Amino acid sequence: RHVRLRVAPGTVIELDLSAFESAAEDDGRSALERRFTPTVANFVELLATLLTAADDAAVAGVVLRVATEGGTLPLSYAQLEEVRAALLRVRARNKFVAMWVADASASGRAVLYLASACTEWYVAPYGQCGLVGATVDGVFVRRMLSKLGVVPQMEQRREYKSAANMFTETKFTDAHREVSGAAR
């Protein structure tokens with residue numbers, strides 16, 4: 001028999017992501033002990049808590065804390081996707097999702113991925129925030145070759161075969177930009 005606990009209106013759920021274990025392991029505690037010990041839980045309980053928070057009208061929002069030793073979350077990328085989807089579900093119900101991070105640069109992309117689903121996030125005063133992203137740089141030497149009097153003679157099979165572009169162009173062509181994913 002499932003017992004549903006009631007919470008007071010305006011309740012904020014606080015979850016420490018650094019304390020969650022990846023797998024649902026039997027640690028010898030009863031379900032009641034696990035429910036009321038917020039510092040230790042498993043991944044299944046984490047998801048259940050987030051989904052319950054999303055659906056419970058009494059819950060105002062969720063606060064996530066990430067203070068991991070060694071800088072990594074104990075979650076796989078597949079699990080991160082599920083947690084992020086659950087956070088977006090909380091937000092879809094017009095509830096806030098905040099994240100507090102001890103050190104965003106040490107925690108890596110996983111924390112930034114989760115933070116992208118939050119309404120707000122904070123880094124501890126002693127922490128750092130290393131925003132890491134993907135960029136595409138193009139090296140074009142056509143102008144330099146022209147100054148040296150060199151005329152490149154290359155053939156290109158189709159517009160999407162862009163290996164020769166660094167010698168024959170001065171900037172990304174539309175096809176080259178599309179293939180490389182570069183922004184305009």
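Our structure's up above, just so we're on the same page.
In this report, we go over the structure that sits alongside the text.

Reading guide: rules and limits
- Residues numbered from 1 in each chain as written.
- Predicted model: local features only at pLDDT ≥ 70, side-chain atom pairs only at ≥ 80, totals over all residues.
- Heavy atoms only, no water.
- Salt bridge = Lys/Arg side-chain N within 4 Å of Asp/Glu carboxyl O.
- Helix = DSSP H or I, 4+ residues; strand = E, 2+ residues; numbered from the N terminus.
- Buried < 20%, exposed > 50% of the residue type's maximum accessible area, 1.4 Å probe, protein only.
- Patch = residues over 30% accessible without salt bridge, like charges linked within 9 Å, V, L, I, M, F, W, Y side chains within 5 Å.
- Areas by Shrake-Rupley, 256 points an atom, 1.4 Å probe, with all protein chains shown as cover.
- Expected span 1.5 Å × (residues − 1).
- Arc of directions from axis to C-beta.
- Polar contact = N/O pair within 3.5 Å; in protein donor to acceptor, adjacent residues only side chain to side chain.
- Contact = heavy atoms within 4.5 Å.

Quick word on the pattern of salt bridges
Evaluation of the coordinates by the stated rule reveals 4 salt bridges. With its nearest N and O atoms 4.0 Å apart, the salt bridge here joins Arg65 to Asp16. Of the two residues, Arg65 sits in strand β4 (residues 59-66) while Asp16 sits in strand β1 (residues 11-16), which places them 49 residues apart along the sequence. Arg89 is paired through a salt bridge with Asp55; the nearest N and O atoms lie 2.9 Å apart. Residue Arg89 is found in helix α3 (residues 77-92), and its partner Asp55 is found in helix α2 (residues 43-55); the two are separated by 34 residues along the sequence. Of the residues examined, Arg89 reaches a relative accessible area of 31% and is grouped as partly exposed. Judged by its relative accessible area of 46%, Asp55 is partly exposed. One salt-bridge network, in which partners are shared between bridges, spans Glu14, Asp16 and Arg65.

Digging into a nonpolar patch on the surface
A cluster of nonpolar side chains, namely Met144, Leu148 and Val150, defines an oily patch on the protein surface of about 290 Å² accessible area. By relative accessible area, Met144 is classed as partly exposed at 46%.

Section: α2
Look at α2: 19 Å from first C-alpha to last across 13 residues, which is about the 18 Å you get at 1.5 Å a residue. The set of residues buried in α2 consists of Phe43, Leu46, Leu47, Leu50, Ala53 and Ala54. One face of α2 carries all of its buried residues, which in axial projection span an arc of 130 degrees.

A look at the side chain of Asn165
Structurally, Asn165 can be placed in helix α7 (residues 165-168). The class of Asn165 is buried, set by a relative accessible area of 1%. Polar side-chain contacts of Asn165 include one of 3.1 Å to the side chain of His176. The residues contacting Asn165, other than those within four sequence positions of it, are Phe140, Gln156, Thr173 and His176.

These figures come from the coordinates and say nothing about function on their own.
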